[in-house]
Amino acid sequence: MRSSHRAHPPADVQALSPDFEPPHFRQALSRFATGVTVVTTHAPGARKGDHHSTSFVGITASSFNSVSLSPPLVLWSLGLHASSLPLFHAGTHYVINVLAADQLELCKRFAYGQGDRFADTDYTLGRSGLPILS
C-alpha cells in the first residue's frame, strides 16, 4: 500500500532549463535504439553539492525511451516493488546515464550491487548536484 505522504523537495532544488540545442537532443536520442542506462538521484536527506557517495542512489534501467523533443521529455520505468521506488518517488531530479558497450561491470554494479554502488565509480556532479557517471 502506497502512502499519500510525499516528501517535499529540498528548498535549493529548482527545475533547470535545458542547456542543449533541440537538434542535439534529437540526434542523441536517435542513436539510442536500445541499450542500458543507470539512473541516479539523491538519497534521502542529501543536499545539493554533497559529494559523499552515500548521498546518492542509482539503478540500472533498460526501460528508457524518448517521449518528446519539445519540451525535452524521456520516460523510464521502475517496478512497483523495487526497493528504490520510494527514493525516486520522493525525489525531484534524476540523471539518465547512457552506458557504453564496454561498461558491463558498471551496469552490473548498479543492477546487483550491494552497499555503496558509487564507492569505486568515477563520476562528477552536474548542475543539479547529481552524479553523472563517466
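These figures come from a predicted structure and were not determined experimentally. (Residues numbered from 1 in each chain as written. Predicted model: local features only at pLDDT ≥ 70, side-chain atom pairs only at ≥ 80, totals over all residues. Heavy atoms only, no water.)

A few words on helix α3 (residues 104-112). Within the span of α3, buried status applies to Leu106, Cys107 and Phe110. Angularly, the buried residues of α3 cover 105° about the axis, an arc narrow enough to put them on a single face. Facing away from the buried side of α3 by over 90 degrees, the exposed positions are Glu105 and Tyr112. Each element contacted by the buried residues of α3 is listed here: β1 (37-42), β2 (56-61) and β7 (131-133). (Buried < 20%, exposed > 50% of the residue type's maximum accessible area, 1.4 Å probe, protein only. Helix = DSSP H or I, 4+ residues; strand = E, 2+ residues; numbered from the N terminus. Arc of directions from axis to C-beta. Contact = heavy atoms within 4.5 Å.)

Moving on: the nonpolar core. Counting residues in each nonpolar core, the largest one holds 9 residues, listed as Val38, Phe56, Leu99, Leu106, Cys107, Phe110, Phe118, Tyr123 and Leu133. Per-element tally for this core: the top contributor is α3, with 3 residues. With 7 residues, the next largest nonpolar core counts Val39, Val57, Ile59 and Phe88 among its residues. (Core = buried A, V, L, I, M, F, W, Y, C linked by side-chain atoms within 4.5 Å.)

In this structure the tally under the stated criterion is 6 aromatic pairs. Between Phe56 and Tyr123, the aromatic rings sit 5.7 Å apart at their centres with planes inclined by 80°, giving edge-to-face as the arrangement. In this pair, Phe56 sits in strand β2 while Tyr123 sits in strand β6 (residues 123-125), placing the two residues 67 residues apart along the sequence. Here Tyr123 falls in the buried class, since its relative accessible area comes to 18%. Here the aromatic rings of Phe110 and Phe118 are separated by 5.1 Å at their centres, their planes lie at 80°, and the arrangement is edge-to-face. In this pair, the class of Phe110 matches that of Phe118, namely buried. Taken together, the ring pairs connect Phe56, Phe110, Phe118 and Tyr123 into an aromatic cluster. (Phe/Tyr/Trp six-rings, centres within 6.5 Å; stacked < 30°, edge-to-face > 60°.)

Spatially, 3 strands are ordered β2-β1-β5 in an open sheet, and the strand pairing comes out antiparallel. Only two strands of the sheet have a single partner each, and these edge strands are β2 and β5 (95-98). Going from strand to strand, the sheet's axes swing by 25° on average, the running direction of each strand aside. Sheet analysis places β1 next to β2, joined by 6 bridges and oriented antiparallel. Looking at the pairing, His42 lines up with Phe56 of β2. Most of the contacts of α3 go to β2, to which it runs at about 110°, and overall it touches β1 and β2. (Pairing = 2+ DSSP bridges. Axes fitted to C-alpha atoms, helices over the stretch in contact; angles between N-to-C directions.)

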